[in-house]
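Observations on the model geometry
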Amino acid sequence: MTSLDYPSHECGVFAVYGHPNAALLSYYGLFALQHRGQESAGIVTHAGSKTPFQSVKRMGLVSQVFNEKDIDQLKGSYAIGHVRYSTTGSSNLLNAQPLSADTSRGQIAIAHNGNLINAARLRAELEMKGSIFQATSDSEIILHLLAQPGASSETKNPLAALRELEGAFSIVIMGEKEIIGVRDPHGFRPLSLGKLDDAWVLASETCAFDLIGARFVRDVEPGEALIINESGLRSEFPFKSSQESFCIFEYVYFARPDSNLRNINVSQARVRMGQELARLHPVEADIIVPIPDSGIYAALGFSEELNIPYEPAFVRNHYIGRTFIQPTQLVRDFSVRVKLNLINSYVEGKRVVVVDDSIVRGTTAKNRVINLREAGAKEVHLRISCPPHRYACYYGIDFPDPEKLLANQYSQEELCAYLGADSVGYLDVEGMVRATRLPKESFCLACFTGDYPIPFDASFNKLIMERRHNQAHLLPDDAVLF
Ligand code: AMP
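Here is a short report on the structure shown in this document. Values in this document were obtained by computation on a predicted structure and should not be read as measured data.

1. Description of the sheet that holds strand β21 (residues 379-384)
- Taken in spatial order, the 4 strands line up as β17-β20-β21-β22 in an open sheet, and their pairing is parallel. With partners counted over all chains shown, the strands left at the sheet margins are β17 (287-290) and β22 (423-426), one partner each. Averaged over all pairs of adjacent strands, the angle between their axes in this sheet comes to 25 degrees, without regard to strand direction.
- Strand direction decides the pairing type here: β17 and strand β20 (residues 351-356), joined by 4 bridges, are parallel. Bridging from a neighbouring strand, Val 289 pairs with Val 354 of β20.
- In this fold helix α10 (residues 296-306) packs onto β17, β20 and β21, with an angle of close to 165 degrees to the strand it touches most, β17.

2. Notes on the pattern of salt bridges
- With the rule as written, the count across this model stands at 21 salt bridges.
- Of the charged contacts in the structure, one is a salt bridge between Glu 276 and Arg 434, with a shortest N-O distance of 2.9 Å. A residue pair is termed long-range when its members are at least 10 positions apart, and Glu 276 in helix α9 (residues 266-280) and Arg 434 in helix α15 (residues 429-436) qualify at 158 residues.
- Since its relative accessible area comes to 11%, Glu 276 is described here as buried.

3. Some points on the packing of helix α4 (residues 119-128) against helix α5 (residues 139-147)
- Relative orientation of the contacting elements α4 and α5 amounts to 45 degrees, with a least axis distance of 10 Å. Taken together, the axis directions place α4 and α5 in an arrangement best described as oblique. Relative to α5, the crossing made by α4 is left-handed. Residue-level contacts link Ala 119, Leu 122, Arg 123 and Leu 126 of α4 to Ile 141, His 144 and Leu 145 of α5.
- Class assignment for the residues of the contact of α4 with α5 results in 5 nonpolar, 1 polar and 1 charged.

4. Some thoughts on the site of the ligand
- If you check the shell around the ligand, you find 17 residues, and the closest are Asp 356, Asp 357, Gly 362, Thr 364 and Asp 398.
- Within the backbone of Arg 361, one N or O atom sits 2.8 Å away from an oxygen atom of the ligand.
- The contact in question runs from a nitrogen atom of the ligand to an N or O atom on the backbone of Asp 398, over 2.8 Å.
- Isolated, the ligand exposes 500 Å² of accessible area, and the fraction of that covered by the protein chains is 96%.
- The set of elements that each furnish at least two residues to the shell around the ligand consists of α8 (249-254) and α13 (363-374).
- The class makeup of the residues in the shell around the ligand is 7 nonpolar, 5 polar and 5 charged.

5. Quick notes on the side chain of His 35
- Structurally, His 35 can be placed in the loop between α1 (22-32) and β2 (40-46).
- Among the polar contacts listed, one links the side chain of His 35 to the backbone nitrogen of Arg 256, at a separation of 3.4 Å.

6. Re unusual backbone geometry
- Backbone torsion omega between Gln 97 and Pro 98 reads 0 degrees, so that peptide bond is classified as cis.
- Checked against the element boundaries, Pro 98 lands in the loop between β4 (78-84) and β5 (99-103).
- A positive phi angle is found at Arg 262, which is not glycine, with a value near 50 degrees.
- Position of Arg 262 among the secondary structure elements: in the loop between β15 (260-261) and β16 (264-265).
- What makes Arg 262 buried here is its relative accessible area of 14%.

7. A look at the packing of α9 against α15
- In contact at an axis separation of 8 Å, α9 and α15 are set at 145 degrees when each is read in the N-to-C sense. The way α9 lies across α15 gives a crossing that is right-handed. The residues of α15 that touch α9, namely those facing Ala 269, Arg 272, Met 273 and Glu 276, are Gly 431, Met 432, Arg 434, Ala 435 and Thr 436.
- In terms of residue class, the contact of α9 with α15 is built from 4 nonpolar, 2 polar and 3 charged.

8. Some words on the nonpolar core
- Counting residues in each nonpolar core, the largest one holds 75 residues, and the members touching the most others are Tyr 251, Val 347, Leu 372, Leu 382, Tyr 395 and Met 432.
- In terms of residue count, the dominant contributor to this core is α9 (5 residues).
- Composition of this core by domain shows at least three residues from each of domain 1 (12-245) and domain 2 (265-441).
- In this structure, Met 432 is in contact with Ile 248, Val 252, Met 273, Cys 386, Pro 387, Leu 427, Leu 445 and Phe 448, ignoring residues within four places of it in sequence.
- Judged by nonpolar contacts, the second largest core, of 27 residues, contains Val 16, Ala 41, Val 201 and Ala 208.

Rules and cut-offs
- Residues numbered from 1 in each chain as written.
- Predicted model: local features only at pLDDT ≥ 70, side-chain atom pairs only at ≥ 80, totals over all residues.
- Heavy atoms only, no water.
- Pairing = 2+ DSSP bridges.
- Helix = DSSP H or I, 4+ residues; strand = E, 2+ residues; numbered from the N terminus.
- Axes fitted to C-alpha atoms, helices over the stretch in contact; angles between N-to-C directions.
- Contact = heavy atoms within 4.5 Å.
- Salt bridge = Lys/Arg side-chain N within 4 Å of Asp/Glu carboxyl O.
- Buried < 20%, exposed > 50% of the residue type's maximum accessible area, 1.4 Å probe, protein only.
- Parallel < 35°, antiparallel > 145°, perpendicular 65-115°, else oblique.
- Left-handed = near helix turned anticlockwise from the far one by under 90°.
- Nonpolar A, V, L, I, M, F, W, Y, C, P; charged D, E, K, R; others polar.
- Near = heavy atom within 4 Å.
- Polar contact = N/O pair within 3.5 Å; in protein donor to acceptor, adjacent residues only side chain to side chain.
- Areas by Shrake-Rupley, 256 points an atom, 1.4 Å probe, with all protein chains shown as cover.
- Core = buried A, V, L, I, M, F, W, Y, C linked by side-chain atoms within 4.5 Å.
- Domains from an automatic or database assignment.

Dropping the structure here:
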């Protein structure tokens, strides 16, 4: 079987069509999307006609990856960019995106956000046909599919090849004459279209448009391919239509608060989640304290709803990455401590409600409760602005094995004792969905409910999970996939 790591990406994508400073715009666009991936970053540009694509990709944050010389050398008015995060042993430059290739269809570059759930099978099939893979990420499969010369007039359209893909994909593609933005038919991950002067831009989140001064035009629809070329903008729907399943965790945690997803501002949705939470689990307390940055907006909503003062008692050191991003437990524990400091005088002798967006392994919550107790808090009530996480995500958010999720390890009472809190209250699915003001059926809620929008082979996923956590690089020869 093939070498393939667990397809786990939390990524951001960006694209520009028709701007003389395409590389610089991409650089700033990726800055705005940095929260979606901190492991590697890259930009590929094209200067038109038969000139070769220019590419700069390195490991690290956007600010570390590109220097002024790089941006100067990335010539051309088309560009695509990517920020990547993965948890596997394959955090290496080969997996950094955009991925590009010189193919029978000309030069192609792609940047992908999401997870393909049929990656192992597709890769094996492509290898049987002679494809040679360089990296271990599932995104390379997309490049190979696009590169295949179409036999019939139907398959001559390279987008037809994308019908093979199953799972979550928001992709930007750069060809020699066009930029294409595509979302999978379920629309798991976001992708929006903007305009800057005469240029078109595509970005995972609208906060990237704000930074470069672009105007939001609209979201790319689930199942839509937007083709931007000399003749303008063309929309195609190459896939069989499906029920939309937008990832609700983008609203809860993942997206930036200043982004609008499906025309709903993320920070405002979070404030409403806090209000819902306060109505569901009210508590008599003196102060509401957020865990920054993730709990800030929900804590504001909680405080507003119960009319209890909001006190930003935790101070965050902004110069380190996300705690969860670090791969080993040792580093993770250390990062949790280095990240936040508590101003004791806010909490001494007080009944405190501490609000965060989610509990995954429980490391953050447990440590914060300890900090509050040590600082002399009289009572500590933990409130979480989403339901308990119990299930794996196969569509692009990185969570640990379900057995490692705190909610699967303890009952509600045990959980409270484990975390050392006086009470623990989670938002429920209904309240979380209400806070978005969008219909429940348009969401993927799988990490909370276990209802997966795309059926999959559980034994295959178990195998993939095991491989991921063993950091193995080869599937067993006799592995049966699908
Ligand atoms: P934990 O400490 O393992 O319970 O993780 C919970 C903290 O990590 C919360 O403060 C969340 O804001 C944040 N978080 C939740 N999900 C993720 C994720 N998939 N990637 C990175 N951070 C996350």
